[in-house]
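Summary of structural features
So the chains spell out like this:
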Amino acid sequence: QVQLVESGGGLVQAGGSLRLSCAASGRTFGSYAMGWFRQAPGKEREFVATINWSGYNTRYADSVKGRFTISRDNAENTLYLQMNNLKPEDTAVYYCASGDLAHGSLSSGAYAYWGQGTQVTVSS
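What you see is a predicted model, and the numbers here were worked out from it, not measured in a lab. (Residues numbered from 1 in each chain as written. Predicted model: local features only at pLDDT ≥ 70, side-chain atom pairs only at ≥ 80, totals over all residues. Heavy atoms only, no water.)

**What to know about the overall build of the protein**
Counting secondary structure elements, the protein contains zero helices and eleven strands. Counting helices and strands in the order they occur from the N terminus, the protein gives β-β-β-β-β-β-β-β-β-β-β. At 13 Å, the protein has a C-alpha radius of gyration in line with the 14 Å of a compact globule built from 124 residues. By principal-axis analysis of the C-alpha atoms, the protein measures approximately 40 × 25 × 25 Å. Split into buried and exposed, the 124 residues of the protein put 43% on the buried side. Put simply, 58% of the contacts in the protein that link residues at least 6 apart link residues at least 24 apart. A total accessible area of about 6200 Å² is found for the protein, and carbon and sulfur atoms account for 45% of it. Charged side chains in the protein number 10 positive and 9 negative. The centres of these two groups are separated by 3 Å. (Helix = DSSP H or I, 4+ residues; strand = E, 2+ residues; numbered from the N terminus. Rg over C-alpha atoms; globule rule 2.2 N^0.38 Å. Buried < 20%, exposed > 50% of the residue type's maximum accessible area, 1.4 Å probe, protein only. Contact = heavy atoms within 4.5 Å. Areas by Shrake-Rupley, 256 points an atom, 1.4 Å probe, with all protein chains shown as cover. Lys, Arg positive; Asp, Glu negative; His and termini not counted. Charge placed at Lys NZ, Arg CZ, Asp CG, Glu CD.)

Written out as structure tokens, the structure is:
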């Protein structure tokens, strides 16, 4: 059974930083692409970033490009999202996701497995 557990969320002031982690188990982590998505209150879940199986290819939403960095440690079965220069509009529940694909996708429908989410709140 695939399990994804996010951590690292919290309350931070605008301009601050947070690092999210996603611990994966139940499958060969290093064989599959991973993604981060977020959902703000009253809004649909949206793509944030994705990384391919090896970690060499990444893609970002325009809204986070240059501020967020996705990375992975296949030896530790862990996905990361480094978030710098946070803005109030980054406030959301952040989810990590895994699917049966080697290369990342911007579509939430491509991912079969999801974590429970971690809350990120950015105050102005």
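Picking up after the structure, the text goes on.
**Side note on the state of the cysteines**
All told, the structure shown has one disulfide when counted by the stated rule. The disulfide partner of Cys22 is Cys96, and the gap between their sulfur atoms is 2.0 Å. Taking the sign of the torsion about the S-S bond as the criterion, the disulfide between Cys22 and Cys96, at about 45°, is right-handed. Here Cys22, found in strand 3 (residues 18–25), pairs with Cys96, found in strand 9 (residues 92–98); they are 74 residues apart in sequence, far enough to count as distant. Cys96 carries the same exposure label as Cys22, and that label is buried. (Disulfide = S-S within 2.5 Å.)

**Topic: the sheet that holds strand 7 (residues 68–73)**
Ordered in space as 1-3-8-7, the four strands form an open sheet in which the pairing is antiparallel. Looking at which strands have only one partner, the edges of the open sheet turn out to be strand 1 (3–7) and strand 7. Each neighbouring strand pair of the sheet contributes to a mean axis angle of 15°, computed without reference to strand direction. Summarising the sheet, strand 1 and strand 3 pair through five bridges and their orientation is antiparallel. From the neighbouring strand, Gln3 faces strand 3, where its bridge partner is Ser25. (Pairing = 2+ DSSP bridges. Axes fitted to C-alpha atoms, helices over the stretch in contact; angles between N-to-C directions.)

**Description of the nonpolar core**
Within the largest apolar cluster, 33 residues are counted, with the highest numbers of intra-cluster contacts made by Trp36, Leu79, Leu81, Met83 and Tyr94. Of all elements in the fold, only strand 3, strand 4 (34–39), strand 5 (46–51), strand 7, strand 8 (78–83), strand 9 and strand 11 (118–123) reach the threshold of two or more residues within this core. Leave out the neighbours within four places in its chain, and Tyr94 touches Glu6, Leu20, Phe37, Arg38, Val48, Phe68, Leu81, Met83, Gly117, Thr118 and Val120. (Core = buried A, V, L, I, M, F, W, Y, C linked by side-chain atoms within 4.5 Å.)

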